[in-house]
Amino acid sequence: IFMGQYSIGQPVSRREDPRLLRGEGHFLQDTVLAGEAQAAILRSPYAHARIGSIDRTEAESMQGVLAILIGADYAADGLGSIPCDMSQSRRDGSPMYRPHRPAIAIDRAVHVGYPIAMVIAETLDQAKDAVERIEVAYEPLPASTSTAVALADESPLVWEDCGSNEGLYFDGGDAEAVEHAFAEATHVVRQRLVINRISAIPIEPRGAIGIYDRGTGRYTLHTGHQRPFLFRRNTAASILGIPETELRIVTGDIGGSFGLRGSIYPELGLVLWAAKRVGRAVKWISDRSEGFQSDDHARDNVTDAELALDTDGKFLAFRTRTNANLGAFVSFRGAGPAVNNVGSIAGVYTTPAIHAQISGVFSNTHPTAPYRGAGRPEAAYVIERMVDIAAAETGINPIELRRRNTIPAEAMPYKTALTYTYDSGEFEKNMDMALELADYASFEQRRVEAWARGVLRGIGVSNTIENSAGASIETAELRFDPSGTVTLVSGSIHHGQGHATVQTQIVFDRLGIPQEFV
């Protein structure tokens, strides 16, 4: 192991930052191909509607319009369904329900923003003008848009053949032990917790450029994507029906991802299909308003939680019942967030019995997907909010209530009542350090002083834990040049994490090659 100023753990300047700070990054909009056409998409204004007819006659005659593609064309060309996460199951143990998801609506729009038609034209303005001339006969249908009542009898079904709006069901923990503990509890705290739907809103909106080479029969897609190899395999097989060797993905700099660019979106398949249809490169770039309708959303959970305590404020049991909104479809990785990190509701506490039930529900809304923690922030919010409510109802200081129930360091390794075994942790020490840094002891004085100035001052405490991201298989390659330089090729994509810096440190640390030669 070589030690030096560029070793692992040393504070070094990020290698990738100078060019970005100078405005020399290369993002999708910086890629301009010879003869590229521009695409604009007509999207459904309805959450749920049957599509009677689409009249594109006037739009097709407009200046610069090269083609207008609709669902009937998509079906005629034999394109497939956008793939999705199928890792969960239903109540009877059968695989979770997977609705067919063509990249463009064929006979029914099931959420606002679902693509209805795609215009390809010489310029973007021409494409947008033509979109406004397409006449669509919609028959509005009853829509289910509320997460809380998605499973109610009166809620319209998004997919009739599913039988209900429940696409998946998870049941974890010990229901019998929880029931017994609640029967013996001195205090029971109940609360409905609503975690609203969110959108990522990256600095760089999503976009894509599709290319089809008639000579080789190969496709190329330029787009920012955080998991390009997984994306390539699934897009090639599920949408295009081709070997993945016939699809190349090119990713440049990415102006924000956070999970947003981990999905397979309709537009990515549409530009490839359009490129083959018109014989030219086709570019689509989302604007801000369009992004709100077409980017995957996240969160959107409604949880009914109950916490049982004894006379001394010790937690006896915790149970939750959650409706997690999947949207109208299951996104590429959409089934995971609500379930994969449910064990995080145990938090840092010694609660001996936990029972969690989760229903993944369909609604006439845009699909949801992982974003910034993928279920972990939601779980942490549920348990920490319930502790605060319990403190208020029992009159026990929220810090003291946490202290009474925090897993002690000497108890490690500690098996929680749901999912995880913690190998180590000093959770009370972490809390004490945070309280000291926040000067928690003098807060009441600061509150009184603020009140005298007509200002309300508050303080909150959260002692949370989350599991790290799971390992994934990836390829790395080192190429040595006679000049003495080494090139590191990695399949992982940077979108702000500083890959070039960290990976260079690894090469220096293990091989002793100076960073300027990497």
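Residues numbered from 1 in each chain as written. Predicted model: local features only at pLDDT ≥ 70, side-chain atom pairs only at ≥ 80, totals over all residues. Heavy atoms only, no water.

Asks: Can you walk me through the sheet that holds strand 6 (residues 135–140) in this structure?
Replies: Within a beta sheet, neighbouring strands are joined by backbone hydrogen bonds and run either parallel or antiparallel to one another. Strand order in the open sheet formed by 3 strands is 4-2-6, with antiparallel pairing between adjacent strands. Looking at strand neighbours, the two that pair on one side only are strand 4 (108–109) and strand 6, the edges of this open sheet. Sheet analysis places strand 2 (residues 49–55) next to strand 4, joined by 2 bridges and oriented antiparallel. Following the sheet pairing, Ala-49 is matched in strand 4 by Ala-109. (Pairing = 2+ DSSP bridges. Helix = DSSP H or I, 4+ residues; strand = E, 2+ residues; numbered from the N terminus.)

Asks: Looking at this structure, how should I read the sheet that holds strand 1 (residues 37–43)?
Replies: Pairing is mixed in the open sheet, where 7 strands are placed in the order 3-5-1-12-9-10-11. Each of the sheet's edge strands pairs with one partner strand only, and the pair in question is strand 3 (65–70) and strand 11 (247–250). Neighbour-to-neighbour, the strand axes of the sheet open up by a mean angle of 20 degrees, direction not taken into account. Pairing geometry for strand 1 and strand 5 (residues 115–121), over 6 bridges, is antiparallel. Bridged to Arg-43 within strand 5 is Pro-115. In this fold helix 4 (residues 124–131) packs onto strand 1, strand 3 and strand 5, with an angle of close to 25 degrees to the strand it touches most, strand 1. (Axes fitted to C-alpha atoms, helices over the stretch in contact; angles between N-to-C directions. Contact = heavy atoms within 4.5 Å.)

Asks: It is not clear to me how the pairing of strand 9 (residues 207–213) should be interpreted in this structure. Could you clarify?
Replies: Sheet faces and side chains relate simply in a regular strand, where the side chains alternate between the two faces. Summarising burial for strand 9: 5 of the 7 residues are buried, a large majority. Relative to strand 12 (residues 282–285), strand 9 is paired through 4 bridges, and the arrangement is antiparallel. Of the residues in strand 12, the one forming a bridge with Ile-209 is Lys-283. Bridge count between strand 9 and strand 10 (residues 218–222): 5 bridges; the pairing is antiparallel. In the strand pairing of strand 10, Ile-209 is matched with His-222. Counting the residues between successive antiparallel strands, the hairpin from strand 9 to strand 10 contains 4 residues, one of them, Gly-217, with a positive phi of roughly 75 degrees. (Buried < 20%, exposed > 50% of the residue type's maximum accessible area, 1.4 Å probe, protein only.)

Asks: Please explain the environment of Gln-10 as it appears in this structure.
Replies: Along the chain, the position of Gln-10 falls in the segment before helix 1 (17–21). Spatially, the C-alpha atom of Gln-10 lies 8.7 Å from that of Gln-505, the residues being 495 residues apart in sequence. Here Gln-10 is in contact with Gly-4, Gln-5 and Gln-505, once residues within four sequence places are set aside.

Asks: Whenever I open this one, unusual backbone geometry confuses me. Can you help?
Replies: Most peptide bonds are trans, and most residues other than glycine sit at a negative phi. Of note, the amide linkage connecting Met-412 to Pro-413 takes the cis form, showing an omega dihedral of -5 degrees. In this structure, Arg-299 is a non-glycine residue whose phi angle is positive, near 65 degrees. Tracing the sequence through the fold places Arg-299 in strand 13 (residues 297–309).

Asks: What am I meant to see in the packing of helix 10 (residues 376–394) against helix 11 (residues 398–405) here?
Replies: Packed helices, taken two at a time, are described by the angle their axes make and the gap between the axes. The interhelical angle for the contact between helix 10 and helix 11, taken along N-to-C directions, is 115 degrees, at an axis separation of 9 Å. In terms of crossing hand, the pair formed by helix 10 and helix 11 is right-handed. Side by side, helix 10 and helix 11 meet where Glu-384, Val-387, Asp-388, Ala-390 and Ala-391 of the first sit next to Pro-398, Leu-401 and Arg-402 of the second. Partitioned by chemical class, the residues of the contact of helix 10 with helix 11 number 5 nonpolar, no polar and 3 charged. (Left-handed = near helix turned anticlockwise from the far one by under 90°. Nonpolar A, V, L, I, M, F, W, Y, C, P; charged D, E, K, R; others polar.)

Asks: What's the story with the pattern of salt bridges in this structure? I'm lost.
Replies: If the charged atoms of two oppositely charged side chains come close together, the side chains can form a pair. Tallying each qualifying case throughout the model produces 32 salt bridges. Arg-206 is the partner of Asp-295 in a salt bridge, and the nearest nitrogen-oxygen pair spans 2.7 Å. Placement of the pair is Asp-295 in the loop between helix 8 (288–294) and strand 13 and Arg-206 in the loop between strand 8 (187–199) and strand 9, with a sequence separation of 89 residues. Its relative accessible area of 4% is what places Arg-206 among the buried residues. The shortest N-O distance in the salt bridge between Asp-432 and Arg-403 comes to 2.9 Å. (Salt bridge = Lys/Arg side-chain N within 4 Å of Asp/Glu carboxyl O.)

Asks: Just to check I follow, could you spell out the pairing of strand 11 for this structure?
Replies: Side chains of strand 11 alternate between two faces, with Leu-247 and Ile-249 buried and Arg-248 and Val-250 left unburied. The pairing of strand 10 with strand 11 spans 4 bridges and is classified as parallel. Directly across from Thr-220, in strand 11, lies its bridge partner Arg-248. Where the polypeptide runs from strand 10 across helix 6 (residues 228–240) and back to strand 11, its parallel neighbour, the crossover connection is right-handed. (Right-handed = clockwise from strand over helix to strand, strands pointing away.)

Asks: I'm lost on the packing of helix 11 against helix 12 (residues 427–437) in this one. Help?
Replies: Between helix 11 and helix 12, whose axes approach to 10 Å, the crossing angle comes to 160 degrees. As the angle between them shows, helix 11 and helix 12 are arranged roughly antiparallel. By crossing handedness, the relation of helix 11 to helix 12 is classed as left-handed. For the pair formed by helix 11 and helix 12, the contact residues are Ile-399, Arg-402 and Arg-403 on the first element and Glu-428, Met-431, Asp-432 and Leu-435 on the second. For the contact of helix 11 with helix 12, the class distribution of residues is 3 nonpolar, no polar and 4 charged. (Parallel < 35°, antiparallel > 145°, perpendicular 65-115°, else oblique.)

Asks: Explain the environment of Ala-181 here, please?
Replies: You can see Ala-181 is positioned in helix 5 (residues 175–184). Separated by 172 residues in sequence, Ala-181 and Ala-353 place their C-alpha atoms 7.7 Å apart. Ala-181 has contacts with Leu-316 and Ala-317, leaving out every residue within four places of it along the chain.

Asks: What is the right way to look at the packing of aromatic side chains in this model?
Replies: Each aromatic ring pair is specified by the distance between its two centres and by the angle formed by the two planes. Taken as a whole, this structure holds 8 aromatic pairs when the rule is applied. Centre to centre, the rings of Tyr-97 and Phe-362 are 5.8 Å apart; their planes meet at 85 degrees, and the pair counts as edge-to-face. Placement of the pair is Tyr-97 in the loop between helix 3 (71–76) and strand 4 and Phe-362 in strand 15 (residues 354–362), with a sequence separation of 265 residues. With a relative accessible area of 0%, Phe-362 lands in the buried category. For the pair Tyr-422 and Phe-427, a centre-to-centre distance of 5.8 Å together with 85 degrees between the ring planes defines the contact as edge-to-face. The burial state of Tyr-422 is the same as that of Phe-427; both residues are buried. Feature note: the residues Tyr-114, Trp-159 and Phe-329 constitute an aromatic cluster, connected by ring pairs. (Phe/Tyr/Trp six-rings, centres within 6.5 Å; stacked < 30°, edge-to-face > 60°.)

Asks: Teacher, can you tell me more about helix 10 here?
Replies: Helical periodicity: at 3.6 residues per turn, an α-helix aligns residues three or four positions apart in one direction. Spanning 19 residues, helix 10 covers 27 Å between terminal C-alpha atoms, matching the ideal 27 Å at 1.5 Å per step. Residues of helix 10 that are buried: Arg-376, Glu-378, Ala-379, Ala-380, Val-382, Ile-383, Glu-384, Met-386, Val-387, Ile-389, Ala-390 and Ala-391. Positioned one or two residues after helix 10, Gly-395 has a phi angle of 80 degrees, which is positive. (Expected span 1.5 Å × (residues − 1).)

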